[in-house]
Amino acid sequence: MPHADSAFIPSGLNKTQFWEHVYDQLSALLEGQRDWVTNLANASSLIYSSLLAHEAFGDGDKAVNWCGFYIDSPFFPTPRVSHPTSTEGAAGQRLLLGPFCGKPACQFINTTPGKARGVCADAYIHRKVVLVPDVEAYPGHIACDGDTKSEIVCPLTLRGDREDISLGVLDLDCLALNGFTEEDKIGLSRIADLVVTACDW
Ligand code: SME
């Protein structure tokens, strides 16, 4: 099957069935590949394209307008060729913009204690899904796109025998208020866990 066909969405799926379908498609798409950049690029594309193809999300003014990842800076590859400014983006405690679909977005999210703010930082620090029905009512929300009205952010957590490691977050934005529901929270959390276990970190 051509890779692009994995984003085909059969009609008539309710949200639970939709997320199960996307999970299965993503599982197949990530098989045999463990590079996180490659896998997160395909994951953001598959989620975004699938949402746009689903009747509950795809309508113009209700559409999901951004889907992507912010990853803890130490996980990014060390440059092979150094440059005077090349470490600038990796300094301090921060998440850096990873693979995504949608318009350009903030390059980093500060997670330094006392300076952290925003939905992504909260989901990352507390390792909890944050569902935001109205971004303007969320204290500290960072507006990468003034058109965004609601948001959901899932933490990416690598579970270990001794400790869990926070890797980053999966972030989705929507043009409508109340764009995401508890069903989306469950579906996206499973997908976030799939992405984590499908990659080498
Ligand atoms: N709104 C996020 C920032 C990332 S963008 O939505 C892509 C936040 O408050 O952390």
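For the structure itself, consult the block above.
Residues numbered from 1 in each chain as written. Predicted model: local features only at pLDDT ≥ 70, side-chain atom pairs only at ≥ 80, totals over all residues. Heavy atoms only, no water.

Undergrad: Describe the site of the ligand, naming the residues involved and giving the relevant values.
TA: All residues adjacent to the ligand are Trp66, Tyr70, Ala105, Gly118, Val119, Cys120, His141, Ile142, Cys144, Glu151, Asp171 and Asp173. At a separation of 3.0 Å, a nitrogen atom of the ligand approaches a polar side-chain atom of Glu151. Within the side chain of Asp173, an N or O atom sits 2.9 Å from an oxygen atom of the ligand. Here the ligand has 310 Å² of accessible area as a free molecule, and 99% of this is covered by the chains. (Near = heavy atom within 4 Å. Polar contact = N/O pair within 3.5 Å; in protein donor to acceptor, adjacent residues only side chain to side chain. Areas by Shrake-Rupley, 256 points an atom, 1.4 Å probe, with all protein chains shown as cover.)

Undergrad: Tell me about the sheet that holds strand 5 (residues 150-158), and please be specific about residues and values.
TA: To summarise the sheet geometry, strands pair through backbone hydrogen bonds and adopt either a parallel or an antiparallel arrangement. Pairing is antiparallel across the open sheet formed by six strands, whose spatial order is 3-2-1-6-5-4. At either margin of the open sheet sits one strand with a lone partner, and together these are strand 3 (108-110) and strand 4 (130-132). With strand direction ignored, the average angle separating the axes of adjacent strands in the sheet is 20°. In the sheet, strand 2 (residues 94-102) pairs with strand 3 via three bridges, with the strands oriented antiparallel. Paired with Leu96 across the strands is Phe108, a residue of strand 3. Across the sheet, helix 2 (residues 36-52) is in contact with strand 1 (64-72), strand 2 and strand 6 (165-174); its angle to strand 1 comes to roughly 160°. Strand contacts of helix 4 (residues 182-197): strand 1, strand 4, strand 5 and strand 6, with the helix running at about 35° to strand 5, the strand carrying the most contacts. (Pairing = 2+ DSSP bridges. Helix = DSSP H or I, 4+ residues; strand = E, 2+ residues; numbered from the N terminus. Axes fitted to C-alpha atoms, helices over the stretch in contact; angles between N-to-C directions. Contact = heavy atoms within 4.5 Å.)

These results come straight from atomic positions and should not be treated as a statement about function.
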